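Coordinates in review
Read off the chains here:
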Amino acid sequence: MAVEGGDCTWVKELETALAEECNSSTVYGICQGQSVPEDLRAEVWKACLGVKDSYKHITFDEIFDLPEQNILREDCQQFVDKLGNDDEDKLSVLCDLESVLTFHRRSLGPTACYARGNGWVELLLPLIALKLPRDQTCALFQAVVSKYIPCNNNAFHLFRLLLLYHDPQLCSFLDTKRITPEKYSAPWFQSLFAATCNLPVVMVMWDLYFQKDDCFFLLFLGLVMVVNAREQILELSGESKDKIAEVLTSLPCGLEAEDVEDFCSLAQYYANKTPSSFREELEGHVFSQTEGEGYSDIAQALCLPVSVSELVENTALVEIPEDTPRFFLVDCRPADQYNAGHLATAFHLDCNLMLQEPVGFATAVQGLLSCQRQAIAAGSNAGGEHLCFLGCGRLDDDQYTHMVVASFLQKHTHYVSLLTGGYQAIHRYLGERVSSVLVDHNATCCSECTATPGSLELSHHNGSTSSSSSDLFGKIGAAVKSKSAEVKDKLLEYINNPSGGTVTSSERHVSASDKLGKRYRNMAPVFSIDDDLDTPDIETDSNMFKDLVPLETVSLSAWLKKPEVVASFRCEEVNLSGYIYESHLLVTPTHVYVLRNTQKKDNALIVVRRPLSNIAKITCKKKQPDLITFKYGSQQGDNLVISDMDRFLIPQAAQATKIISDQILKNVQDTKDKSST
């Protein structure tokens, strides 16, 4: 596997590097994530782990007098008995195991203790398979333990946050079953998968792992294991907690050596799609016993934390490298605080609305998700799939912010994070740059300027440098802060008509590049069926909060029999996170409805109720013609502004789209006939 084809150039280059001083970075630059030849493996691992010469200081006194020596010896003996080697090899392995583990345990000091099932025996076996002298094996073992093996339960808490970030539905399922990560991933993390994978798989996996020189990569390998088995796991909903945990623990057992490179590539993909600041913040609390400020108690974290430096630097970039997270910042502070200073790309969502005006809050959230989709489609630096929520930064004041974040998590929203320290951290991070970076910063009203003794008198900044997208978000924020009775009208008015109404030309900073779609020459409502879906896949669903506004429950059979129903089709509603719901699509002369099936027979929820006149476009994919997207929008001057969309899998897609298009054209003709008379 290591040397495919006839090209051995990189192998010779690796041999040369190993003969000199090299490290994991050098090895990775040569191997590019490939497995290494078996005869070079030992030297490669020593170079990557930095133990070229450290073994020279290791001496064995062959004294076996630990308080738990009997337990350690029994574990070594039981493990060796399972090996298929002859008696002489078994005796050699047994001696190496007990000697190395005893030396390591003693080096940890008198307060340490060997515990049965801690993964040491399994972790040591691949190193013994290298057939190195005992002192070199011991040096490699200690390097692996100190650098890559989590030292406490914080690893399991962080793993849960990563799972919550990438697959909130699966995380919720396991939480409901009370299956915490330590119940299934402990053997993975304590042994770098050596306890659950066969030896050839472990050797290849460690080749790639040590090259990467990333202690957190272990968690992403585990994440791929769980996420890839999501359907299998969800199907176990009727099984006991112990049975599900057993299935999860055994997931790596099916790996083959030829699968490892793809497995590691997937893990790297997830690592790239995850905010990186938690690494610096948490490394000392996961892989060492470091104490001090930071997330020492990450078990209490609501979601994945993001540092202020990562957020500010990320939102300031016009172009972000591929696969690097782009944030969509949601500022949840009260309106007066937001208006006294905020980042240019921040969308304002007043968290007080959640309790004071739930319907208004649901409307605001739909506006937020709609704007997120438009910003992503327009390529704005304010548009990102990754939602980062921002509060005041003071625990007592951020209770409502945490409730808002929790509501998104309950809806299984992907990529949810919370800014560490909130606005307070942003203000302190910017320092003297506050007035030049924040929009509308007013030192006399800013909560941080007025709360901090000796703060600089910073001049009011009118935000004239803000981007078009930040202007859009600011105006929606102004709409959301209005009285509850005005929230829905003002918000929808601005979302659907951002350049019209009472907004003057001097206030309108939304550029043509922020408007989606091209000019259509036909009469409104404009309608077309594209050959391909040209809207990017965005893992945020604008419908996910619709049930905050009570959904109407109806009789499915009664609705299907309504005389005004022109046609009905079985379909699957597809939200943009990929989840699907069995549903029915109903077409009337004026509207299209989607009724989602429920667990109660004949009961259905009305999840889509759209006038045909709002349908601006219908698209489908060439490779999947039954995946239909309805795009809704309105004409704004010479441009069509797409404000929302729904996606469905319709087996009878061609018939359904023809009927809908015929009804739309009929409505247009009826409108023309009425106007002419």
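Attention here is on the structure that accompanies the text.

Rules used throughout
- Residues numbered from 1 in each chain as written.
- Predicted model: local features only at pLDDT ≥ 70, side-chain atom pairs only at ≥ 80, totals over all residues.
- Heavy atoms only, no water.
- Axes fitted to C-alpha atoms, helices over the stretch in contact; angles between N-to-C directions.
- Helix = DSSP H or I, 4+ residues; strand = E, 2+ residues; numbered from the N terminus.
- Parallel < 35°, antiparallel > 145°, perpendicular 65-115°, else oblique.
- Left-handed = near helix turned anticlockwise from the far one by under 90°.
- Contact = heavy atoms within 4.5 Å.
- Phe/Tyr/Trp six-rings, centres within 6.5 Å; stacked < 30°, edge-to-face > 60°.
- Buried < 20%, exposed > 50% of the residue type's maximum accessible area, 1.4 Å probe, protein only.
- Lys NZ or Arg CZ within 6 Å of the ring centre and 35° of its normal.
- Pairing = 2+ DSSP bridges.
- Salt bridge = Lys/Arg side-chain N within 4 Å of Asp/Glu carboxyl O.

1. A closer look at the packing of helix α10 (residues 182-191) against helix α12 (residues 217-228)
Look at α10 against α12: their axes get within 10 Å of each other, and the N-to-C directions meet at 135°. Viewed along their axes, α10 and α12 adopt a mutual orientation that is oblique. Relative to α12, α10 is oriented so that their crossing is right-handed. Each of Tyr-184, Trp-188 and Phe-189 in α10 lies in contact with α12, whose residues at this interface are Leu-218, Leu-219, Gly-222, Met-225 and Val-226.

2. A closer look at the packing of aromatic side chains
If you walk through the whole model with that rule in mind, you get 25 aromatic pairs. When the ring of Phe-156 is compared with that of Phe-189, the centres are 5.8 Å apart and the planes differ by 15°; the resulting orientation is stacked. Taken together, the residues span a long stretch of sequence, with Phe-156 in helix α8 (residues 154-166) and Phe-189 in helix α10 at a distance of 33 residues. Between Phe-630 and Phe-648, the aromatic rings sit 5.7 Å apart at their centres with planes inclined by 65°, giving edge-to-face as the arrangement. With a gap of 18 residues between them, Phe-630 in strand β13 (residues 627-636) and Phe-648 in strand β14 (residues 639-649) connect regions that are remote in the sequence. Residues Phe-630 and Phe-648 agree in their burial class; the two are buried. Of note, Lys-212 hangs over the ring of Phe-217, and the distance from its end group to the ring centre comes to 5.0 Å. Residue placement shows Arg-610 over the ring face of Tyr-632; its charged tip is 3.9 Å from the ring centre.

3. Regarding the sheet that holds strand β1 (residues 304-306)
A sheet is described by the order of its strands in space; here five strands give the open sequence β1-β5-β4-β2-β3, paired in parallel fashion. Bordering the open sheet on either side are β1 and β3 (347-348), each of which pairs with just one other strand. Here strand β4 (residues 386-390) pairs with strand β5 (residues 416-419) via three bridges, running parallel. Across the sheet, Cys-388 pairs through a bridge with Ser-417, a residue of β5.

4. Quick word on unusual backbone geometry
Residues other than glycine seldom take positive phi values, yet Phe-193 does so here, at roughly 70°. Summarising the element assignment, Phe-193 is placed in the loop between α10 and α11 (199-212). In this structure, His-412 is a non-glycine residue whose phi angle is positive, near 60°. Tracing the backbone through its elements, the reader meets His-412 in the loop between α21 (399-410) and β5. Exposure remark for His-412: the relative accessible area of 22% places this residue in the partly exposed category.

5. Looking at the pattern of salt bridges
Counting across every chain of the model gives 24 salt bridges. As a salt-bridge pair, Arg-106 and Asp-65 come within 2.7 Å of each other at their nearest N and O atoms. In this pair, Arg-106 sits in helix α5 (residues 87-107) while Asp-65 sits in the loop between α3 (41-49) and α4 (69-81), placing the two residues 41 residues apart along the sequence. Of the residues examined, Arg-106 reaches a relative accessible area of 33% and is grouped as partly exposed. The shortest N-O distance in the salt bridge between Asp-96 and Arg-134 comes to 2.8 Å.

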